[in-house]
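So the chains spell out like this:
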Amino acid sequence: MRYIGCKDNLLPFIEDAVLSRGIRTGTFADLMAGTVSVGRRFKSLGFTVYSNDILAFSYVFSRSYIQSTHTPADLTDMLAELNALPPQPGFIHRHYSEEGTRGAERPRRFFSNENAARIDAIRNRIDEWRSERAISDDAFYGLLACLLEAVPGVSNTSGTYGAFLKHWDPRALKPLVLESPGPVTGPAGFAYRQDAADLAGKIVCDVLYLDPPYNTRQYASNYHILETIARWDNPAVYGVSGLRPWRAERSAWCRADSALMELGRIVSTAQCRLLLLSYNCEGIMPRERIVETLQLRGTVEVLEQPYRRYRSDRDRESRRYASNARVRERLYVLTIEDTI
Ligand SMILES: C[S@@+](CC[C@H](N)C(=O)[O-])C[C@H]1O[C@@H](n2cnc3c(N)ncnc32)[C@H](O)[C@@H]1O
């Protein structure tokens, strides 16, 4: 899934940092899980994973990929039924399609009229099945995860939902198709939706992995439509992009001073052997302050890997970034020497 800060391409780097320190099995806590790419990898390696994020759509992924141990037997049939549903205009169509927002100063073109109304139909049907007890909780989260994975592929955006494109991206005109995510392997883990610093002190684990926002960009506002599809709570939306109220999910990690305080809270309460922090060289917390904070509990190493910056689809190849769009992705590795 297209997601700012997704670690799909850095999985070998993170995996190596853990395995090369002799931790090959045990428990792994991914406290800012996003797309759950990291937790999925460690689950497949045999770790019991605790997966957490403050956002509801990420919880759906954690619940589906981490907490479940198997794919529901009739998932393929259910997906076929959902894919065949006729459009049924509802919330998404009303607020995020051109037809639904006709008459507004800037009609919202997040989805084609047809895809918007199909998202509505599919999301409602998943809820109906659940309230009729026709599906298990695992199936509910599994189907919802399939929908959330499919929606970015037909969104008329450059990657986030802060704005829609003026012209139609051909991707957004393709029909929405839900696909099976493939088999889930590894031990059953645990899904949470809490503030990372609140959860950190409650979990005893071998590895605690932190992957916070690197800058002032708030995930809750940038992915507001996915959040609404996950919560299906009919929010009062506002503004050009139809934002849902999102202040309750505002992250303290998006400001340097509060981010360092959050890191300090986690470091002081962590009950783990290894604490890893992903951060890049352009992040708002300075390297020296991070190291200073981590050193309160043990020895710190800083591993680096050159990495291609997140580029939105709007970025042309000719767009020039400082240092040729290469940033250094850092992994701060704290080996904890005391116990609390
Ligand atoms: C860099 S992304 C994580 C990407 C993830 N590792 C992946 O591969 O997809 C940062 C995540 O931190 C989450 N987040 C921000 N503040 C948080 C907090 N206080 N507690 C828990 N999660 C938080 C965001 O919702 C976002 O999903």
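No experiment lies behind these values; they were computed from the predicted model shown.

S.K.: How should the site of the ligand be read in this particular structure?
M.R.: Lining the immediate surroundings of the ligand are 24 residues, of which Tyr3, Thr35, Ser37, Asp211 and Ser251 lie closest. Within the side chain of Ser37, an N or O atom sits 2.7 Å from an oxygen atom of the ligand. A distance of 3.3 Å separates a nitrogen atom of the ligand from a polar backbone atom of Ile54. When the free accessible area of the ligand is taken as 610 Å², the share hidden by the protein chains comes to 99%.

S.K.: Is there a simple way to explain the domain arrangement of the protein chain in this structure?
M.R.: Reports often express the size of an interface as the amount of accessible area lost when the parts come together. Domain parsing of the protein chain yields domain 1 (1-65 + 190-213 + 253-340) and domain 2 (70-183 + 224-250). In this complex, domain 1 contributes 19 residues to the contact, which on the side of domain 2 involves 22 residues. Buried area between domain 1 and domain 2, summed over both chains or domains, comes out near 1800 Å², and the portion from carbon and sulfur atoms is 59%. The largest per-residue losses of area from domain 1 upon contact with domain 2 belong to Arg2, Val60 and Arg63, which jointly make up 31% of the total buried on that side. Here domain 1 and domain 2 share three salt bridges between them. A salt bridge links Glu149 to Arg40; its shortest N-O distance comes to 3.8 Å. In this structure, the connection of domain 1 to domain 2 is made through five residue pairs in polar contact (both at pLDDT 80 or more). Of the residues forming the side of domain 1 that touches domain 2, the biggest block, eight residues, is contributed by helix 3 (residues 56-67).

S.K.: Help me understand helix 11 (residues 256-269), please; the structure alone is not making it clear to me.
M.R.: In an α-helix, one full turn covers 3.6 residues, which means residues spaced three or four apart are oriented alike. For helix 11, with 14 residues, the first-to-last C-alpha span of 20 Å sits near the 20 Å given by 1.5 Å per residue. Those residues of helix 11 that sit buried are Ser258, Ala259, Leu260, Glu262, Leu263, Ile266 and Val267. Structurally, helix 11 contributes buried residues whose contacts are with helix 8 (196-200), strand 4 (207-210), strand 5 (274-280) and helix 12 (287-294).

S.K.: When you look at the packing of helix 3 against helix 10 (residues 224-231) in this model, what are you seeing that I'm missing?
M.R.: In helix packing, the relevant descriptors are the interaxial angle and the interaxial distance, both defined with respect to the helix axes. Close contact between helix 3 and helix 10 brings their axes to 7 Å; oriented N to C, the two are set at 60 degrees. Considered as vectors, helix 3 and helix 10 are oriented oblique to each other. Here helix 3 contributes Ala56, Phe57 and Val60 to the contact with helix 10, which in turn contributes Leu226, Glu227, Ala230 and Arg231. The class makeup of the residues in the contact of helix 3 with helix 10 is five nonpolar, no polar and two charged.

Procedures and definitions
Residues numbered from 1 in each chain as written. Predicted model: local features only at pLDDT ≥ 70, side-chain atom pairs only at ≥ 80, totals over all residues. Heavy atoms only, no water. Near = heavy atom within 4 Å. Polar contact = N/O pair within 3.5 Å; in protein donor to acceptor, adjacent residues only side chain to side chain. Areas by Shrake-Rupley, 256 points an atom, 1.4 Å probe, with all protein chains shown as cover. Domains from an automatic or database assignment. Contact = heavy atoms within 4.5 Å. Buried area = accessible area lost by both parts, 1.4 Å probe. Salt bridge = Lys/Arg side-chain N within 4 Å of Asp/Glu carboxyl O. Helix = DSSP H or I, 4+ residues; strand = E, 2+ residues; numbered from the N terminus. Expected span 1.5 Å × (residues − 1). Buried < 20%, exposed > 50% of the residue type's maximum accessible area, 1.4 Å probe, protein only. Axes fitted to C-alpha atoms, helices over the stretch in contact; angles between N-to-C directions. Parallel < 35°, antiparallel > 145°, perpendicular 65-115°, else oblique. Nonpolar A, V, L, I, M, F, W, Y, C, P; charged D, E, K, R; others polar.

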